[in-house]
Number of protein chains: 4
Amino acid sequence: MTVNSRPVILGQNQYGKAENRVVRITRDGATHHIKDLDVSVSLSGDMDEVHYSGSNAHVLPTDTTKNTVFAFAKEYGIESAEQFGIHLARHFVTSQEPIRRARIRIEEYEWERIATSGADEAKHSFVRKGQETRLTQITYDGSSWEVVSGLKDLTVMNSTDSEFWGYAKDKYTTLQESHDRILATSVSGRWRFNWTDDEQKMPHWETSYEQVRKHMLQAFAETYSLSLQQTMYQMGARVIDNRSEIDEVRFSLPNKHHFLVDLEPFGLENDNEVYFAADRPYGLIEATILRDGCEPRIPVDLTNL
Amino acid sequence: MTVNSRPVILGQNQYGKAENRVVRITRDGATHHIKDLDVSVSLSGDMDEVHYSGSNAHVLPTDTTKNTVFAFAKEYGIESAEQFGIHLARHFVTSQEPIRRARIRIEEYEWERIATSGADEAKHSFVRKGQETRLTQITYDGSSWEVVSGLKDLTVMNSTDSEFWGYAKDKYTTLQESHDRILATSVSGRWRFNWTDDEQKMPHWETSYEQVRKHMLQAFAETYSLSLQQTMYQMGARVIDNRSEIDEVRFSLPNKHHFLVDLEPFGLENDNEVYFAADRPYGLIEATILRDGCEPRIPVDLTNL
Amino acid sequence: MTVNSRPVILGQNQYGKAENRVVRITRDGATHHIKDLDVSVSLSGDMDEVHYSGSNAHVLPTDTTKNTVFAFAKEYGIESAEQFGIHLARHFVTSQEPIRRARIRIEEYEWERIATSGADEAKHSFVRKGQETRLTQITYDGSSWEVVSGLKDLTVMNSTDSEFWGYAKDKYTTLQESHDRILATSVSGRWRFNWTDDEQKMPHWETSYEQVRKHMLQAFAETYSLSLQQTMYQMGARVIDNRSEIDEVRFSLPNKHHFLVDLEPFGLENDNEVYFAADRPYGLIEATILRDGCEPRIPVDLTNL
Amino acid sequence: MTVNSRPVILGQNQYGKAENRVVRITRDGATHHIKDLDVSVSLSGDMDEVHYSGSNAHVLPTDTTKNTVFAFAKEYGIESAEQFGIHLARHFVTSQEPIRRARIRIEEYEWERIATSGADEAKHSFVRKGQETRLTQITYDGSSWEVVSGLKDLTVMNSTDSEFWGYAKDKYTTLQESHDRILATSVSGRWRFNWTDDEQKMPHWETSYEQVRKHMLQAFAETYSLSLQQTMYQMGARVIDNRSEIDEVRFSLPNKHHFLVDLEPFGLENDNEVYFAADRPYGLIEATILRDGCEPRIPVDLTNL
């Protein structure tokens, strides 16, 4: 078939089953362990015909990719979201000739044990942690790996040690400078591992996540901030300085504005005590932070806004 | 005016400003404390004319009720959501003659301190806890108080010790009995205090909340369950047995189904290991649990479904 | 069993399967018709034992109630959401002795036909209308019926012919009076039919819905407004005046504030041209409007705020 | 400063104010017209210092970008979202030396006039259309323009004329082939204009949108479908064939599964009449469709899943 004779051609395409909600229980006697994931499969390859003529000969059904997620939770268990994604991506690329690239995206929800009345932790009773959602994305093309992990919806606030002044002004500028403001954001971040090859030693994914999260939070807390951009850079730099397995971090940080309420009309002074937490609009601050010499690969837009 | 001569009359009505997002910082030297609330005001009283003719003479603007929320955060501080709601409700009913009843609803978001690199807790850096949302509703009619507190979105799971069998069957019944299943729900609960009068000793609202939450979680974890209804009753009974300040509990508990995945087509056995977490439809189990001799007052529907 | 000897007793309780998403296609040759519903079943009756001891002997599984929804879509078809709910409610109450009351809640999503290139309407291709969601609630206790229909998320705006002035003022009042403002709301309404008995002639549910919606919209558009309360009353009164099958209307109307932006700092005049559409906080205006002589039965709170 | 001596460097970065909700009313006598937009500004340029040292000297505050949105709604009016975005992008790049690139993203909500009781359309009363959300993104670097418009949340369904068979099978395949199924999706699409230069004649943005939407819907309705990929390609090809101003289309189409319910256990036949509309998981089908010879520029991921 001479595709190029068409006036309208097919570009990049991918397909799969999104949001397979798999929960894996591992029983260690009466003590149970949970992994709770939302797994999205996306496959690419020799798929022109299904678009042009509707022939499904090269199409492994999305229903099959769903079945594979659940079967692999049994066959391999779920040691970590990253490891589970690696099993899945390898399978699709190596078992179906037309499939040349697999991308597995996973959200992970964490649970903690309920404290029982005997002051112990329950063996098989859990409460969802509810804080951030963990993320990972595994991409495999048959030869090299790309692993980008991350998190979203981790809301943080410094109630002081934040200023904003000395900025550019034009005829539309009305903002007053501030020397003591609340700085709050809901962290959405992704970080790319430099593990790309089966020959390399694989990072310990769970330890890495806990350490990255810790360094980000500490950098947020410990940076005296002159701008959210400065704080964001410090968060990324702290991760890269401390975690040799990571070369690149991307953040999308909404500036969750907390406006000091004007209480003067009521004869009251507001000495950085009472704030209005606004919804929209909000500042949106985004950047890539890179180990020197590395190439950026995380897509620029983590949000559609 | 003879309202009764109208063919169409006004029934119950209420108005106010909803979702005032107030954040109160209290500084104890370098150590800061946060209260983060979403406050909704709803007022009723002699309001026929604004409906019939549009005369606003009895209407305190919703904008004013918003201002009052922020001003009171300064004037009274926010010791607890309940105490803050009591200040507000008393103010509206006692300061505006046409207003006969005030209802204050508050959502509260909890924060915890970030652990700093020195292994201490940060003094003014916080991460949102993200688990359940605390709720309270204060109603005052000028003479007596009703306080109903609660929570929503506290997701819990028992990975065993749950059965479901021996149920009624009809021609549409296809469900197989289960002797070992996952039981999971997202707790939405409300509990009513028996404090109604300024002459009574007021409960310690913060302690009460922590204790109610603890008893509910423990009852969930420690009940060997033959039905979600049984577990729910135990959760309510445990609260009422242990907390003398509470007379009534109402729950709305979605049965968050975790279906055991059939892996037989793939030659695999699923020994209570791999589950599909379903979205819709879901069981919805609701009840009031009462101290004997008390009258139920919490509305039956906590959800619009 | 002597329930009253318990220190903690069971109050109102109900259970069932929520959010059964049923789509019914009716084929009239090549021309198809859609009904697209989200059906929630809630049953009450002699259910003490399942709560106290976990005995499920009186419990028809929620899974069975789900099956019944889908089976009835075949057996009875879906002429209207109301009629479908009546079939379901009657079935549960009359077929299971312990069940004394059934409440069926239904959301309905409307579709319209796609215009084809031949300027005709497609016979079996549809686009979801996407405007309001239709609602109905059917309650049956074995002898009498209550039907409450409604809608939510119908967003409307008058860009003029709205004023707000002459209101009460206190020390927290800063709002300026307005003689020309935008009035916008997202209508959430419920209306109760006076059909309660199988002996009465049943209303034509589909015609009734279209007419109620039309009268509400027209009243919103045609009322010169001095307050949202006045407009709301007119919307309810217009429905009751015109639709003899309806005795009661309840509204919950957020005042979706559109604030005139102050452009003076930029040397510009804003002659009711440029508005900021705010999210939170918002006014929330709620009322029951009744045919004179009728008793209100629709619950007061349509929202949890 | 020698940035390259840092071990951790800054990559792509951008900032601005997101989700400015501007409503513009234009009065033509008593007849009013609405434009209702959500505008997000994102600026890039010489911004290293604000990240490295916190110096804001090059930073036009996000608050100023917000003010500019509202001021421009007065100064230029809002003829179309695209034209409005072009005014904004040009302003930021040409008025602030450090800013080298501006990206304006806009969501647009459409309104229609309420039909009044006199069978006319209201002059200044509107109901929000509620169907799809219109989208546009304008990018300007001081020399060339990129305009990508689109839509999201346009839900469509073919109740027949869809098959799925002849697909690849492996050991995890259990899906049965189908020769008559429902095909439904919620269209998320973007299309890129070949207008890039102020010297070129600008497209008529409003006409273009209406025509693209029409062609997409018609292609969906008129394609006898052997796979969602085939339908998607036809939707894109139809747009490019008919609209010379557009060179590239990208779709992200969830396959909104409608499963035929098995009614056999109840002794009923389901002749393509009763379907269960599932939520998760869902197929997700994505592709770029291009005019031959053009380079793809729309990012591959329109969704984070």
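Residue numbers run consecutively from 1 along every chain, following the written order of its sequence. The naming scheme follows written order: chains are lettered A onward, ligands numbered 1 onward. Reporting in this predicted model follows two pLDDT cut-offs: at least 70 for local features of residues, and 80 or more for side-chain atom pairs to be given and counted; totals over whole chains, interfaces and linings ignore these cut-offs and use all residues.

Visitor: Describe in detail the overall build of chain A, supporting the description with residues and values.
Guide: In this description a helix means any DSSP run of H or I spanning at least four residues, a strand means any run of E spanning at least two, and both kinds are numbered starting from the N terminus. Of the regular secondary structure elements, chain A holds five helices and 13 strands. Projected onto its principal axes, the C-alpha coordinates of chain A cover approximately 75 × 65 × 40 Å. Exposed residues have 12 or fewer other C-beta atoms within 10 Å of their own C-beta, buried residues have 20 or more, and residues in between are partly exposed; the C-beta atoms are placed from the backbone. For chain A, buried positions account for 56% of its 305 residues. Our contact criterion uses C-beta atoms placed from the backbone: two residues qualify when those atoms are within 7 Å. In chain A, of all internal contacts separated by at least 6 residues, the share reaching a separation of at least 24 is 64%.

Visitor: Before we move on, can you summarise the relation of the copies chain C and chain A with the specific residues and values?
Guide: Once chain C is rotated about the relating axis by 180° and shifted along it by 0.0 Å, it coincides with chain A to within an RMSD of 0.0 Å. What the superposition gives is, in effect, a two-fold axis relating one chain to the other. Across chain C, the rotation axis passes nearest the C-alpha of C:Asp279, at a separation of 3.5 Å. When you check the interface residues of chain C against chain A, 100% turn up at the interface there too, and the contact is symmetric in its surfaces. Alignment of copies: least-squares fit on C-alpha atoms of residues with pLDDT of at least 70 in both copies.

Visitor: Explain the interface of chain C and chain B residue by residue, including any values.
Guide: Interface size, as often reported, equals the accessible area lost upon joining of the parts. Every contact between the two is made by 77 residues of chain C and, on the other side, 76 residues of chain B. Elements with a contribution of two residues or more to the side of chain C that touches chain B: β1 (8–18), β2 (20–28), β3 (31–45), α1 (48–52), α2 (62–75), α5 (228–242) and β13 (282–291) of chain C. Among the elements that take part in the side of chain C that touches chain B, β1(C) stands out by supplying 11 residues, more than any other. Side-chain classes follow a simple rule in which Ala, Val, Leu, Ile, Met, Phe, Trp, Tyr, Cys and Pro form the nonpolar group, Asp, Glu, Lys and Arg form the charged group, and the remainder, Gly included, forms the polar group. Broken down by class, the residue content of the side of chain C that touches chain B amounts to 34 nonpolar, 29 polar and 14 charged. Being paired, for any two strands, means DSSP has found at least two bridges between them. As paired elements, strand β1 (residues 8–18) of chain B and β13(C) share nine bridges and run antiparallel to each other. From the neighbouring strand, B:Lys17 faces β13(C), where its bridge partner is C:Gly283.

Visitor: Can you tell me about the packing of helix α4 (residues 205–222) of chain C against α5(C), naming the residues and giving the values?
Guide: All names here are of chain C. Axis lines are fitted through C-alpha atoms, for helices just across the contact stretch, and the angle between N-to-C directions can take any value from 0 to 180 degrees. Contact pair α4 / α5: the axes reach a minimum separation of 8 Å and the direction vectors enclose 140°. Taken as a pair, α4 and α5 cross one another with a handedness that is right-handed. Residues Gln 211, Val 212, His 215, Met 216, Gln 218, Ala 219 and Phe 220 of α4 touch α5, and the partners they reach there are Thr 231, Gln 234, Met 235, Arg 238, Val 239 and Asn 242. Its residues assigned to classes, the contact of α4 with α5 shows six nonpolar, six polar and one charged. Take the far helix as the reference: if the near one is turned anticlockwise from it by less than a right angle, the crossing is left-handed, and if turned clockwise, right-handed.

Visitor: Let's hear about the environment of A:Ser159: which residues, and what values?
Guide: Relative to the helices and strands, A:Ser159 is located in the loop between β8 (145–158) and β9 (183–193). The residues touching A:Ser159, leaving out its near neighbours within four places in the chain, are A:Ile182, B:Ile25, B:His32, B:Ile34 and B:His124.

Visitor: Can you lay out the domain arrangement of chain A for me, pointing to particular residues and giving the numbers?
Guide: All names here are of chain A. Each assigned domain of chain A is listed with its residue range as follows: domain 1 (14–141) and domain 2 (144–305). For the purposes of this description, domain bounds are those given by an automatic or database domain assignment. The straight-line distance from the C-alpha centre of domain 1 to that of domain 2 is 28 Å. Across the boundary between the two partners, domain 1 contributes 14 residues, which contact 14 residues of domain 2. Mapped onto the side of domain 1 that touches domain 2, the elements with two or more residues apiece are α3 (81–95) and β7 (133–140). For the side of domain 1 that touches domain 2, the leading source of residues is β7, giving eight residues. In terms of residue class, the side of domain 1 that touches domain 2 is built from three nonpolar, seven polar and four charged.

Visitor: Describe the interface of chain C and chain A, naming the residues involved and giving the relevant values.
Guide: Chain C puts seven residues into the contact, and the matching count from chain A is seven residues. For the side of chain C that touches chain A, a count of residues per class yields three nonpolar, one polar and three charged.

Visitor: Give a detailed account of α5(C), specifying residues and quantitative values.
Guide: With 15 residues, α5(C) should cover 21 Å at 1.5 Å per step; its first-to-last C-alpha distance of 21 Å lies within 8% of that length. Among the 15 residues of α5(C), 13 are classified as buried, and the element is accordingly described as predominantly covered. Expected helix span is taken as 1.5 Å per residue step, with the number of steps being one fewer than the number of residues.

Visitor: Just give me the short version of the relation of the copies chain C and chain B, but keep the residues and values in it.
Guide: Superposing chain C onto chain B requires a rotation of 180° together with a translation of 0.0 Å along the rotation axis, leaving an RMSD of 0.0 Å. In this assembly, 99% of the residues forming the interface of chain C have copies in chain B that are likewise at the interface, indicating an isologous arrangement.

Visitor: Requested: an account of unusual backbone geometry, with residues and values cited.
Guide: Where the residue is not glycine, phi is negative for most of them; where a peptide bond is considered, it is trans in most cases. A cis amide bond links B:Arg280 with the next residue in sequence, B:Pro281, at an omega value of -10°. The residue B:Pro281 is located in the loop between β12 (274–277) and β13 (282–291) in this model. You will see that D:Asp161, though not glycine, has its phi angle at about 65°, which is positive. As for its placement among the helices and strands, D:Asp161 is situated in the loop between β8 (145–158) and β9 (183–193).

Visitor: Can you break down the environment of A:Gly11 residue by residue, with the values?
Guide: Position of A:Gly11 relative to the elements: it lies in strand β1 (residues 8–18). Between the C-alpha atom of A:Gly11 and that of A:Thr136, which follows or precedes it by 125 residues, the distance is 26 Å. Not counting the four nearest positions on each side in its chain, A:Gly11 is found in contact with D:Ala287, D:Thr288, D:Ile289, D:Leu290 and D:Pro296.

Visitor: Any chance you could break down helix α2 (residues 62–75) of chain A for me, citing the residues and the numbers?
Guide: With 14 residues, α2(A) ought to run about 20 Å at 1.5 Å a step, and its terminal C-alpha atoms sit 20 Å apart, in line with that. In terms of burial, α2(A) is a largely internal element, 11 of the 14 residues being buried. Every buried residue belonging to α2(A) is among A:Thr62, A:Thr64, A:Thr65, A:Lys66, A:Asn67, A:Thr68, A:Val69, A:Phe70, A:Ala71, A:Phe72 and A:Ala73, and all of these are buried. In this structure, the buried residues of α2(A) make contact with β1, β2 (20–28), β3 (31–45) and α3 of chain A, β12 of chain B together with β13 (282–291) of chain D.

Visitor: I'd like a rundown of the packing of helix α2 (residues 62–75) of chain B against helix α3 (residues 81–95) of chain B, residues and numbers included.
Guide: Residue and element names in this part refer to chain B. Contact pair α2 / α3: the axes reach a minimum separation of 11 Å and the direction vectors enclose 130°. Looking at the two axes, α2 sits oblique to α3. The handedness of the crossing between α2 and α3 comes out as right-handed. Here Thr 68, Val 69 and Phe 72 of α2 come into contact with α3, specifically with His 87, Leu 88 and His 91. Working definition: roughly parallel below 35 degrees, roughly antiparallel above 145 degrees, roughly perpendicular at 65 to 115 degrees, and oblique for all remaining angles.

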